[in-house]
Amino acid sequence: MEKIGLFFGSDTGCTEAVAEMIQEQIGQDKVELLDAYDIDKSDFDRYDKIIIGLSTWHDGELVSAWDDFFEDFKEIDFSGKTIAIFGLGDQYGYSTYFIDGVGILGKVVLENGGKLIGYTSTEGYEHDESKAETEDGKFMGLAIDEDNQDELTEERVLDWIEQIKKEFPIE
Ligand SMILES: Cc1cc2nc3c(=O)[nH]c(=O)nc-3n(C[C@H](O)[C@H](O)[C@H](O)COP(=O)(O)O)c2cc1C
């Protein structure tokens, strides 16, 4: 089976832990983890199914590894590729920038021809604003808040995996 590339960036390890959970749940043999610090554009050529993970920092900025890679990211042609994004953030501490990074990368994916899957409901979150929110009130991916709702992380991740397995689709 063709592998899924899971590209993640994580400053303090929270996004990395979720990335590892996703890899374990879908299957070590099916998902390859790539740290965004060590990637270049050609790494995206190897996958038609991609998962992106990132946290948001400093009032709506991309986590450092994705921030460093962003100019290259904007040049990737995502046509023919299916992409799911998950984001880590703090809905109370940064309530007007909650998981903005998901919206920033998701916008590029859509502009560059990718098929974005894995949209989720904003129900159960108390943020005020997010660049990840669509006009019809959904997140452009999975929102994880380890700072305030870590008890919900596992269930959120498992539900999302079931969803994206169907949407990719993967067996
Ligand atoms: C200085 C600082 C700035 C932050 N800025 C944001 C932000 O703008 N939006 C947000 O949703 N979360 C923000 N956060 C929360 C982090 O995204 C969150 O703690 C996340 O779990 C970190 O994940 P990582 O360890 O994978 O980098 C911030 C946290 C810190 C300490």
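Note: the structure precedes this text.
Reading guide: rules and limits
Residues numbered from 1 in each chain as written. Predicted model: local features only at pLDDT ≥ 70, side-chain atom pairs only at ≥ 80, totals over all residues. Heavy atoms only, no water. Phe/Tyr/Trp six-rings, centres within 6.5 Å; stacked < 30°, edge-to-face > 60°. Buried < 20%, exposed > 50% of the residue type's maximum accessible area, 1.4 Å probe, protein only. Helix = DSSP H or I, 4+ residues; strand = E, 2+ residues; numbered from the N terminus. Pairing = 2+ DSSP bridges. Near = heavy atom within 4 Å. Polar contact = N/O pair within 3.5 Å; in protein donor to acceptor, adjacent residues only side chain to side chain. Areas by Shrake-Rupley, 256 points an atom, 1.4 Å probe, with all protein chains shown as cover. Nonpolar A, V, L, I, M, F, W, Y, C, P; charged D, E, K, R; others polar. Contact = heavy atoms within 4.5 Å. Salt bridge = Lys/Arg side-chain N within 4 Å of Asp/Glu carboxyl O.

## Quick notes on the packing of aromatic side chains
Scanning the model with the defined rule gives twelve aromatic pairs in all. Ring centres of tryptophan 66 and phenylalanine 73 lie 5.6 Å apart, and the angle between their planes is 80°; on these two criteria the pair is classed as edge-to-face. In terms of burial, tryptophan 66 and phenylalanine 73 fall into one category: buried. One aromatic cluster in this structure is built from Phe7, Phe44, Tyr47, Trp66, Phe69, Phe73 and Phe78.

## Looking at the pairing of strand S3 (residues 49-57)
Where burial is concerned, most of S3 is hidden: eight out of the nine residues are buried. As paired strands, strand S1 (residues 4-8) and S3 are joined by five bridges and run parallel to one another. Note that in S3 the partner of glycine 5 across the bridge is isoleucine 50. Alignment of S3 against strand S5 (residues 82-88), held across seven bridges, turns out to be parallel. Bridging from a neighbouring strand, leucine 54 pairs with glycine 87 of S5.

## Observations concerning the site of the ligand
Around the ligand, the surrounding shell holds 20 residues, and the nearest of these are Ser10, Thr12, Thr15, Ser55 and Thr56. Between the ligand and isoleucine 99, the relevant distance is 3.0 Å, taken from an oxygen atom to a main-chain nitrogen or oxygen of the residue. Coverage of the ligand by the protein amounts to 87% of the 640 Å² it exposes when considered alone. A total of three residues in the shell around the ligand trace back to one element, the largest contributor, which is S3. Among the residues forming the shell around the ligand, the class breakdown is seven nonpolar, nine polar and four charged.

## Topic: the side chain of serine 95
Mapping serine 95 onto the fold places it in the loop between S5 and helix H3 (100-111). Looking at serine 95, the relative accessible area reads 13%, which means it is buried. Side-chain polar atoms of serine 95 contact the side chain of aspartate 128, separated by 2.5 Å. With residues up to four places along the chain from it excluded, the contact list for serine 95 reads Asp90, His127, Asp128 and Glu129.

## Re the pattern of salt bridges
Scanning the entire structure with this criterion turns up ten salt bridges. For glutamate 75, the salt bridge goes to lysine 41, with nearest N and O atoms at 2.6 Å. Of this pair, glutamate 75 sits in the loop between helix H2 (64-73) and S5 while lysine 41 sits in the loop between strand S2 (31-35) and S3; the two residues are 34 residues apart in sequence, bridging distant segments of the chain. By relative accessible area, glutamate 75 is classed as exposed at 54%. With a relative accessible area of 32%, lysine 41 lands in the partly exposed category. As a salt-bridge pair, glutamate 71 and lysine 74 come within 3.2 Å of each other at their nearest N and O atoms. On the accessibility criterion, glutamate 71 (52% relative accessible area) is exposed. Residue class for lysine 74 comes out partly exposed when judged on its relative accessible area of 37%. Members of the salt-bridge network, linked through shared partners, are Lys3, Glu32, Asp43 and Arg46.

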